[in-house]
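Observations on the model geometry
Residue-level listing of the chains:
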Amino acid sequence: FRGNSNAARDIAHHLHPYTNFKKHEATGPLTIVRGRGVYVMDDDGKEYIEGMAGLWSAALGFSNERLATVAYEQMKQLPFYHAFNQRSHEPAINLAEKLKAMAPVPMSKVFFANSGSEANDTVVKMVWYVNNALGRPHKKKIISRIKGYHGVTVAAASLTGLPNNHRSFDLPIANILHTSCPHYYRFGKDGETEEQFATRCAEELEQLILKEGGAEHVAAMICEPVMGAGGVIVPPKGYYEKIQAVCRKYDMLFIADEVICGFGRTGNVWGCQTLNIQPDILTCAKALSASFLPISAVMVNDKVYQALATESDKIGTWGHGFTYSGHPVAAAVALETQKIYDEIDLFGHAKRLSPVFQKHVASFADHPLVGEAMSVGMVGALEIVADKKTKAPFDPVAVGAGNRVYNHAVQHGLFIRNMGDRVAICPPLIINEAELADLFGRLRKAFDETLAD
Ligand code: PLP
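All values reported here derive from a predicted model rather than from experimental measurement. (Residues numbered from 1 in each chain as written. Predicted model: local features only at pLDDT ≥ 70, side-chain atom pairs only at ≥ 80, totals over all residues.)

**A short note on the overall build of the protein**
Counting its regular elements, the protein contains 16 helices and 15 strands. What you see for the protein is a C-alpha radius of gyration of 22 Å, in line with the 22 Å of a compact globule of 453 residues. Seen through its C-alpha atoms, the protein measures out along the principal axes to roughly 65 × 60 × 45 Å. Considering the protein as a whole, with its 453 residues, one finds that 48% of them fall into the buried category. For the protein, contacts bridging at least 24 residues in sequence account for 71% of all contacts bridging at least 6. (Helix = DSSP H or I, 4+ residues; strand = E, 2+ residues; numbered from the N terminus. Rg over C-alpha atoms; globule rule 2.2 N^0.38 Å. Buried ≥ 20, exposed ≤ 12 C-beta atoms within 10 Å, placed from the backbone. Contact = placed C-beta atoms within 7 Å.)

Dropping the structure here:
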C-alpha cells in the first residue's frame, strides 16, 4: 500500500474505470502528477517512461506548450458552441476539412464525438439508419471479431469481443456477432500456412454471414486494422483482402476502427494504408488530439452520407449528436495537433524509427519466457509462455507472469501494459532512439527478474 494522502483520498472517493475495487481498496492507486516528453512523474517524485503513451494515445508525449496555448486562446474566444440544427463553428469546420484531406480513401463528411466508444456507437446507429433509408429494414447485423476492442458504451462494448466487456453486463446486444480472431500464433492449426489461415478466417466469416441470413440480414463488419487491447494482433498478409472480398460479396459496409492505429502508429498515417483496407466508414480518436483533450471522429463516404441525408430528410432529422460533438476547444487542439504532426513530420519520424522499435521487440524472441514477439510500426507485443515449443501458457492465476513483468517494469520506472500474459509496448511517437533503448533495457530487466522469480 502506497499510503500517502492521495492514495487514501482516492480510495475513499474515486470509483475507477477498469479496476478490481477490492484490490484497489487494499493497494491504492499510483497517482501521476506531471508529464514531460515521454516521461510521467508520480506524487512521490518517481519518473516513468510511458511505454504505452498513456492508453495507446499520447503521440506527442506529456508536455506541449503550443497545445496549451491554443486551448487557452480558443477558450477566450469561444469556449463552447454546438453544431446542432445547422449551427457551426470554425474549429469543427477546419478539423473536418483537415481530416477529409488526410483520409486513406475519399470520404464525404466527418461527424464528431468525444471518445472512441461514442464514435463506434454512432457507427452502429448509422448502419441501422442507413439500411432503413435504403429500404432494407432486416439488414441490421454487424460483425466484429473475437478479441476486437471497440469501446465500452452499450453498442461499442457489444462490438468488443472480449469476455470482460460482456460478463455481468448482459452484453452483447442483439444484432452484434463475432467472427474469428486473426491471430496466427494462437489460432493457426498445425501445418497451416499463414495464407491458409487467412483463407480459413475469411471462410469462417462467410459461414457466419450465411448462418445469420446472408446479404439480407448482415449489414457491416468492423475491424481494428491491428487489434490493440486484444493483444496487438497483426493479421497475416492477405487477410484483409480476403475479408473485404467477402464483405463486398454480401453488400456489407466495411468499418475501420482507427482509434489506436490512426495517426502514424502502424508506420503510415492510417492502419488502413498499412493493412490495405478500403473502409466505407472510419472512426478515430486518441492521437487525433494527441489525447490533450477528448475528441473523436467518424468519417463516412459518399454512399453512406447520401443514405443518411435521404433518411434524415424523410423522417425530419438525424436524431443523434452529443452536446460536445466537435467541441470548439477540443477541435482547435486537435487541429493544432495535426499541424504539429505535419511540421515535425511525426509520421515520417515514426516510419523511420519503426525498424529500430521492431528490432528491439524482435530481440525478445530469444528470451526464455517469450513465445511470440510481434510488432508493426511503433506498436508491439510479447507473449509470455510456459513452454516455447508447445506454446502452453502459464497458469494465469497461480503464476500471473504478465502481472509480474508489469510490476517489475514499474519498479524500473517503466509503464507497459499486460493483457494477461501478453505485454504491449506503444510509446509516444515522439520517442527517440536513446529513449527507445532505455525503454527496452528496462523491459528486459523486468523479463529477467520475472524469470528469476
Ligand atoms: N476502439 C479502439 C480500437 C480502442 O483501442 C479504444 C480504446 O482503447 C476504443 C475504441 C474506445 O475508445 P474510448 O476509450 O475513447 O471510448
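The rest of the description comes next.
**Topic: unusual backbone geometry**
Glycine aside, the phi torsion of most residues is negative, and most peptide linkages are trans. With omega at 5°, the peptide bond leading from Leu-171 into Pro-172 counts as cis. For Pro-172, the position within the fold is in the loop between α7 (154-159) and β6 (176-179). With a phi angle near 60°, Asp-170 is a residue other than glycine that sits in the positive phi range. When the 8 C-beta atoms within 10 Å are taken as the criterion, Asp-170 is described as exposed.

**Examining the pairing of strand β1 (residues 32-36)**
In the sheet, β1 pairs with strand β2 (residues 39-42) via four bridges, with the strands oriented antiparallel. Note on β2: the bridge partner recorded for Gly-35 is Val-40. Connecting β1 to the next strand, β2, in antiparallel fashion are two residues, including Gly-37 with a positive phi near 55°. (Pairing = 2+ DSSP bridges.)

**Details of the site of the ligand**
What surrounds the ligand is a group of 15 residues, the closest being Ser-115, Gly-116, Ser-117, Gly-151 and Val-259. It is helix α6 (residues 116-133) that provides the largest number of residues to the shell around the ligand, a total of three residues. Residues of the shell around the ligand, tallied by class, amount to six nonpolar, seven polar and two charged. (Near = placed C-beta within 6 Å. Nonpolar A, V, L, I, M, F, W, Y, C, P; charged D, E, K, R; others polar.)

**A look at the domain arrangement of the protein**
Along its sequence, the protein is organised into domain 1 (31-63 + 349-452) and domain 2 (68-343). Here the C-alpha centroids of domain 1 and domain 2 sit 27 Å apart. Each side of the interface is counted separately: domain 1 has 22 residues, and domain 2 has 20 residues. Looking at the side of domain 1 that touches domain 2, the elements that each hand over two or more residues are α3 (53-56), α14 (346-362), β11 (370-376), β12 (379-384) and β15 (422-425). (Domains from an automatic or database assignment.)

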